[in-house]
Amino acid sequence: MPTVAFHTLGCKVNFYDTEGIWQRFKAAGYEQVPFEEEADVYVINTCTVTNTGDRKSRQMIRRAVRTNPEATVVVTGCYAQVAADEVAAIEGVDLVVGNDRKSKIVELVNEIRQEQNPFPSVRKSVGNILKTRTFDELDVPYFEERTRANLKIQDGCNNFCTFCLIPWARGLIRSRQPEKVVAQARKLAKAGYREIILTGIHTGGYGADLNGYRLAHLLQDLEAIDELYRIRISSIEASEIDDFLIEVLARSKKVCRHLHIPLQAGHNQVLKRMNRHYTVEAYAEKLRRLREALPGVAVTSDVIVGFPGETDAYFAEGEAFIRAQQFAQLHVFPYSPRKGTPAAKFPDQVPEEVKEERSQRLLKLSRELTFAYAESQRGKLLEVIPEEPYTDVPRSGVDPEDKAGFWLIGRTDNYLKVAFPVPPEWRPEDLTGEVCQVRLTRCTDDVQFAELIGRVTESADGWPEVGAWARAMEA
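Residues numbered from 1 in each chain as written. Predicted model: local features only at pLDDT ≥ 70, side-chain atom pairs only at ≥ 80, totals over all residues. Heavy atoms only, no water.

S.K.: Got a minute to help me understand the environment of Glu317 in this structure?
M.R.: On the secondary structure map, Glu317 appears in helix α12 (residues 312-325). Overall, the relative accessible area of 45% leaves Glu317 in the partly exposed class. Those residues within four positions of Glu317 in sequence are excluded, and the remaining contacts are Gly266 and His267. (Helix = DSSP H or I, 4+ residues; strand = E, 2+ residues; numbered from the N terminus. Buried < 20%, exposed > 50% of the residue type's maximum accessible area, 1.4 Å probe, protein only. Contact = heavy atoms within 4.5 Å.)

If you want it as structure tokens, here you go:
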């Protein structure tokens, strides 16, 4: 049986694509082995969001070549798309595949492996992705070693932010057909996944190419799947949150009380230079309306610091704006110039030491905001899906001699990271990947701590459904 190994860099979309590629290899008779081991085929799914992504991609390509110089080495992903010639020039690379052709990787690899004489040059299957108009279908019926399932619903982005290469790496928005999304969601739910994360390069732009069918309509269709317990939207732009979507979210019993809404900058002048399509006033108004319709919703966000032209005064105003929005968590990124983007040529580039100082200030603010949001939930019953054992028990403040059995950690529907002890009579496999009801007892600026009330979802082994009496306790 031929073997294949994978290494994935970058975003959730890349990880989804790798799972889809693996399913194709598996159907073709391949066995998967760890990337560190000798394999017949190596697939490196690359990232190019930052210069670091390019560098790490090259490192992993060379590592694969060193591990087995006779292997077929395939490079795909965003770095392969925007720098195909550069990737092809790396010694040992056999195949470079564009982002819109990942579904064809197995047949291309088999052609190379069946060729008796080596190909005289690297084969490249990379075109002008901006001309691609169809979604490259990769079905993933289950995920290796995952307790929550990603479901890719679209690819590409139409925004052309001045700091970003993504439209050139991923193309314009291409939405997966609704019936395909619903069918795969049903498969994943029946396979036992309690949470499905709707993901894409520009998830909130889903349906921009579907003649009026948008993300809100898809959420309504997914809501009707009986087996589906929890739906999470990976990210959505403030400009895409309209009255209809807010209405759908407010009615939903399955969409998580968490929205990730990128801000990127807290000052209008910086947003304008970024080519972001909103003002801070419009952004704040969207959050106000969301919170009015969804009390207690957790809003997380992305912020870029040190964008060209961001003065001390602009940053200070942005910091104050971020504090006022009461986010539950921030993802903070120092601006990194990308060759080929307009922002890389902007004047007034910010020194690295200033970016670092501003990053640390916002990371500190993020911890404060996380603690404040968690405190607002203390004492409440929350639903968490345990993902793995929690080993840093001393941080819980409990007696280290406590005979709790074991600890698990996972995410609540409102995206808090929660750890809780489990009595010895329970086994880890009884709870991992299932929805558990917990009561939040202690809060920090990172992990939150809770007591287990019971398990909400019932699986084949017949553990009881506890949600009804737990909710009665809360009442």
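S.K.: Teacher, can you tell me more about the nonpolar core here?
M.R.: Counting 69 residues, the largest nonpolar core has Leu219, Leu222 and Ile261 as its most contacted members. Core analysis: the next-biggest nonpolar cluster, separate from the first, contains 24 residues, Leu9, Cys47, Ile61 and Val73 among them. (Core = buried A, V, L, I, M, F, W, Y, C linked by side-chain atoms within 4.5 Å.)

S.K.: Looking at this model, I keep getting lost on unusual backbone geometry. Mind explaining?
M.R.: Glycine aside, the phi torsion of most residues is negative, and most peptide linkages are trans. Positive phi is not limited to glycine here, since Gln264 has a value of about 75 degrees. Of note, Gln264 is situated in the loop between β11 (258-260) and α10 (268-274). The buried category is assigned to Gln264, whose relative accessible area is 9%.

S.K.: Would you explain the pattern of salt bridges in this entry?
M.R.: Opposite charge on two side chains permits pairing when their charged atoms draw close. Across all of its chains, the model carries 36 salt bridges by this definition. Residues Asp312 and Arg358 are paired through a salt bridge, measuring 2.7 Å at the closest nitrogen-oxygen approach. One end of the pair, Asp312, is in helix α12; the other, Arg358, is in helix α13 (residues 352-377), with 46 residues separating them in the sequence. Notably, a salt bridge pairs Arg439 with Glu451, separated by 3.6 Å at the nearest N-O pair. Of this pair, Arg439 sits in strand β17 (residues 436-442) while Glu451 sits in strand β18 (residues 448-455), and the two are 12 residues apart along the sequence. Owing to a relative accessible area of 37%, Glu451 belongs among the partly exposed residues under this scheme. Linked through salt bridges whose partners overlap, the residues forming this network are Asp17, Lys102, Lys152, Asp155, Arg170 and Arg174. (Salt bridge = Lys/Arg side-chain N within 4 Å of Asp/Glu carboxyl O.)

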